[in-house]
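# Examination of the molecular architecture
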Amino acid sequence: MDKLNVVPWLFVISHGRFGNELVNSCEMILGKIENIYCFSLMPGMAPEKLMEEMGEVLKRSPTHSIIFTDIYAGTPSNVATVFAKRKGFPVICGMNLPMLIEAEMHRNELSIEELVNRIIEAGGESIKNVTSIANGNTYE
């Protein structure tokens, strides 16, 4: 696959401020991240309000941007799906810190398909049962 001509923007959507703090942690490790946008569904907030807040930024974003959400089929994921259908953005649910690190480290060098696959792989590979590993068990 060919590398993208335009670096994709990253969108992080979560229940509460989880996404903001995930980005803060990522920046603590990698330094300032350009073109990453966080949106929070706060208690009592209508999904329409979240869509409105996101819509303005998404209008300006490049074609192959990526949306991260916390929980599949939760309100942030459902809102992201609306934009995914409109703009063709991939939506990756179950975000974690290794996924954001992988996205930032490789978003300017891979095709969107390769990047999405690499992000999902990094997220899954980061889940370990450390106690089991420390005890010498063969399963993780």
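Just above, that's the structure.
Basis of the calculations
Residues numbered from 1 in each chain as written. Predicted model: local features only at pLDDT ≥ 70, side-chain atom pairs only at ≥ 80, totals over all residues. Heavy atoms only, no water. Phe/Tyr/Trp six-rings, centres within 6.5 Å; stacked < 30°, edge-to-face > 60°. Helix = DSSP H or I, 4+ residues; strand = E, 2+ residues; numbered from the N terminus. Lys NZ or Arg CZ within 6 Å of the ring centre and 35° of its normal. Salt bridge = Lys/Arg side-chain N within 4 Å of Asp/Glu carboxyl O. Buried < 20%, exposed > 50% of the residue type's maximum accessible area, 1.4 Å probe, protein only. Core = buried A, V, L, I, M, F, W, Y, C linked by side-chain atoms within 4.5 Å. Contact = heavy atoms within 4.5 Å. Polar contact = N/O pair within 3.5 Å; in protein donor to acceptor, adjacent residues only side chain to side chain.

In total, this model carries five aromatic pairs according to the counting rule given. Between F11 and Y37, the ring centres sit 5.6 Å apart and the planes meet at 25°, which makes this aromatic pair stacked. Placement of F11 in strand β1 (residues 10-15) and of Y37 in strand β2 (residues 36-41) is noted, with a sequence separation of 26 residues between them. Within the aromatic cluster, the residues linked to one another by ring pairs are W9, F11, Y37, F39 and F89. Across from the ring centre of F83, 5.3 Å away, lies the NZ or CZ of R86, which sits over that ring.

This part takes up the pattern of salt bridges. Applying the stated criterion across every chain, the model contains five salt bridges. Note that E27 and K32 form a salt bridge whose closest N and O atoms lie 3.7 Å from each other. Residue E27 is classed as partly exposed on the basis of its relative accessible area of 21%. Judged by its relative accessible area of 63%, K32 is exposed. For R118, the salt bridge goes to E102, with nearest N and O atoms at 2.8 Å.

On to the nonpolar core. Ranked by size, the top nonpolar core spans 20 residues in total, and within it V12, I66, F68, I92, L100 and I119 carry the most contacts. If you list the elements that add at least two residues to this core, you get β1, α1 (18-30), β3 (66-69), α4 (97-106) and α5 (112-125). Listed in part, the 15 residues of the second largest apolar core include F11, F39, V79 and A80.

For α4, the complete set of buried residues consists of M99, L100, I101, E102, A103 and H106. For α4, the elements touching its buried residues are β1, α1, β3, β4 (91-93) and α5. Where α4 begins, the side chain of N96 points an oxygen toward the backbone nitrogen of M99, at a separation of 3.0 Å.

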